Amino acid sequence: KYIPGMTLKVGGSYSPSDNSTIYANAGYLNRTPQFSNVIDNNFNRFFEEILNEKILALEGGYNFANSIFGLNLNGYFTNWQNKPIPFGVSVTDPKDPDQKIFVNINGMDAIHVGGELDMACQFNKKWSGELMFSYGNWIWNSQESIFIPQYDSLEFNFDARGVHVGDAAQTSYAIAARYEPFKRTYFKVQFQYFDRYYSDFNPFELSGENGGREAWKIPSYYLVNLFAGYKWDRPKYALVFSGNVVNLTDLGSLWNGTKLRNNFIAEASDNGNAPYADSNAQSATVMFGAGFRFNLSMALQF
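Conventions adopted
- Residues numbered from 1 in each chain as written.
- Predicted model: local features only at pLDDT ≥ 70, side-chain atom pairs only at ≥ 80, totals over all residues.
- Heavy atoms only, no water.
- Pairing = 2+ DSSP bridges.
- Helix = DSSP H or I, 4+ residues; strand = E, 2+ residues; numbered from the N terminus.
- Phe/Tyr/Trp six-rings, centres within 6.5 Å; stacked < 30°, edge-to-face > 60°.
- Buried < 20%, exposed > 50% of the residue type's maximum accessible area, 1.4 Å probe, protein only.
- Lys NZ or Arg CZ within 6 Å of the ring centre and 35° of its normal.
- Core = buried A, V, L, I, M, F, W, Y, C linked by side-chain atoms within 4.5 Å.
- Contact = heavy atoms within 4.5 Å.
- Salt bridge = Lys/Arg side-chain N within 4 Å of Asp/Glu carboxyl O.
- Polar contact = N/O pair within 3.5 Å; in protein donor to acceptor, adjacent residues only side chain to side chain.

## Observations concerning the pairing of strand 2 (residues 20–31)
Thinking step 1. As judged from the ten bridges shared by strand 1 (residues 6–17) and strand 2, these two strands associate in the antiparallel manner. Bridging from a neighbouring strand, Val10 pairs with Ala26 of strand 2.
Thinking step 2. Connecting the antiparallel pair strand 1 and strand 2 is a turn made up of two residues.
Thinking step 3. Note: strand 2 against strand 5 (residues 53–65), twelve bridges, orientation antiparallel. Paired with Ser20 across the strands is Phe64, a residue of strand 5.

## Thoughts on the packing of aromatic side chains
Thinking step 1. The full count for this structure, using the stated rule, is ten aromatic pairs.
Thinking step 2. Relative to Phe204, the ring of Phe158 lies with its centre 5.2 Å away and its plane at 80°, an arrangement referred to as edge-to-face. Here Phe158 is found in strand 12 (residues 155–159), whereas its partner Phe204 is found in the loop between strand 14 (185–198) and strand 15 (217–218), with 46 residues between them in sequence. For the pair Phe158 and Phe204, a shared accessibility class is recorded, and that class is buried.
Thinking step 3. Among the aromatic side chains, those forming a connected cluster through ring pairs are Tyr173, Phe191, Tyr193 and Tyr222.
Thinking step 4. Over the face of the ring belonging to Trp80 we find Lys83, whose NZ or CZ atom lies 4.1 Å from the ring centre.
Thinking step 5. Above the plane of the ring of Tyr186 lies Arg178, whose end atom (NZ or CZ) is 4.2 Å from the centre.

## As for the nonpolar core
Thinking step 1. Counting 26 residues, the largest nonpolar core has Ile105, Trp140, Ile148, Phe156 and Phe204 as the members making the most contacts within it.
Thinking step 2. Excluding residues within four positions of it along the chain, Ile105 makes contact with Val89, Ile146, Ile148, Phe156, Phe158 and Phe204.
Thinking step 3. Among the nonpolar cores identified, the runner-up in size contains eleven residues, and Phe194, Ile218, Phe264 and Ala268 belong to it.

## Regarding the environment of Gly12
Thinking step 1. Here Gly12 lies in strand 1.
Thinking step 2. On a C-alpha basis, the gap between Gly12 and Ile175 in space is 31 Å, while along the polypeptide they are 163 residues apart.
Thinking step 3. Apart from residues no more than four positions distant in its own chain, Gly12 is found in contact with Ile22, Tyr23, Ala24 and Asn25.

## Quick notes on the pattern of salt bridges
Thinking step 1. All chains considered together, the criterion is met by five salt bridges.
Thinking step 2. Close ionic contact of Glu53 with Arg31 constitutes a salt bridge, the shortest N to O distance being 3.4 Å. Here Glu53 is found in strand 5, whereas its partner Arg31 is found in strand 2, with 22 residues between them in sequence.
Thinking step 3. Given the relative accessible area of 2%, Glu53 is considered buried.
Thinking step 4. Its relative accessible area of 37% is what places Arg31 among the partly exposed residues.
Thinking step 5. The partner of Arg184 in a salt bridge is Asp233, and the shortest N-O contact between them spans 3.7 Å. With Arg184 in the loop between strand 13 (169–179) and strand 14 and Asp233 in strand 16 (residues 221–233), the pair connects residues that are 49 residues apart, well separated along the chain.
Thinking step 6. Given the relative accessible area of 36%, Arg184 is considered partly exposed.
Thinking step 7. Overall, Asp233 belongs to the partly exposed group, its relative accessible area being 36%.

## Comments concerning the environment of Tyr76
Thinking step 1. Tracing the backbone through its elements, the reader meets Tyr76 in strand 6 (residues 69–81).
Thinking step 2. You can call Tyr76 buried: its relative accessible area is 18%.
Thinking step 3. Taking C-alpha positions, Tyr76 is 36 Å from Ser242, a pair spaced 166 residues apart along the chain.
Thinking step 4. Contact partners of Tyr76, with chain neighbours within four places excluded, come to Leu58, Glu59, His112, Val113, Gly114, Gly115, Glu116, Tyr135, Gly136 and Trp138.
Thinking step 5. A polar atom in the side chain of Tyr76 sits 2.9 Å from the side chain of Trp138.

## Considerations on the pairing of strand 17 (residues 238–246)
Thinking step 1. As paired strands, strand 16 and strand 17 are joined by eight bridges and run antiparallel to one another. Each residue of the ladder has a partner; that of Leu226, found in strand 17, is Val245.
Thinking step 2. The turn linking strand 16 back onto strand 17 is made up of four residues.

## With respect to the side chain of Asn82
Thinking step 1. One can find Asn82 in the loop between strand 6 and strand 7 (89–93).
Thinking step 2. Among the polar contacts made by the side chain of Asn82, one reaches the main-chain carbonyl oxygen of Leu51 at a distance of 3.5 Å.
Thinking step 3. There is a polar contact of 3.0 Å between the side chain of Asn82 and the backbone oxygen of Asn52.
Thinking step 4. Excluding residues within four positions of it along the chain, Asn82 makes contact with Leu51, Asn52, Glu53, Asn106, Gly107, Met108 and Asp109.

## Some points on unusual backbone geometry
Thinking step 1. Even without glycine at this site, Asn44 takes up a positive phi of about 55°.
Thinking step 2. Along the chain, Asn44 falls in the loop between strand 3 (39–40) and strand 4 (45–46).
Thinking step 3. Positive phi outside glycine occurs at Arg196, with the angle close to 55°.
Thinking step 4. Looking at the secondary structure, you find Arg196 in strand 14.

Here's what the structure looks like:
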């Protein structure tokens, strides 16, 4: 089976000064499907109705940097058409109502719009700071009634218009402070926050009474992390010592009876807990985030 595709990209930048740059990029992808949407591995045969994904991506931004301050700002818009679900969609076989078959359902579109900002500042020889902020509005953008020609009586309906895409935090930010008390020695503390994180789900299941229903939104969560390092320079080599602590506010997990805990949900699948199907905490299956942990390392550079 021969399925052609193509990618077109164009971009440009302009520097109004030595320290700043304005840029814009555009791309169009006519992307061939991934293998799981070409071969139905349940019956070892080609799917019918194999269509390419079509992606239009626009991006623009501004960069500034000098000896003490740096800033990156960018915005993006992506129109992703015909975004399939891997391995096809399970539907009732019209020839045998007791059996399930897998078919490619085309026509699911998504719109990704958002912006990102990151900054860094060197306050003096010892102190510096970092800031990152990301905000997105990623939604499914399709309502369709699809007639599947290889099965004369099979029609598939879905309504995912305006429903947020799952499996990623659409709002996040981080702030960090770095201190260098001595040359080649540093300590850094970082605070991270994640919000508007919707459970992973199959948008093709949004039909009938479930049409347009949002997936369960994972509770917002934060992390506090610590980093430290030292570099010992020698004439022909250097030793680099480093360490980090992730999820510092879960330190109480090391001792029983303490209340210093930071439990959070890192991933969730909407309506994964049968028989519930209400797109809420009860009907979701979840994976909790890792607790307090640390890492120490030493590297030899020569």
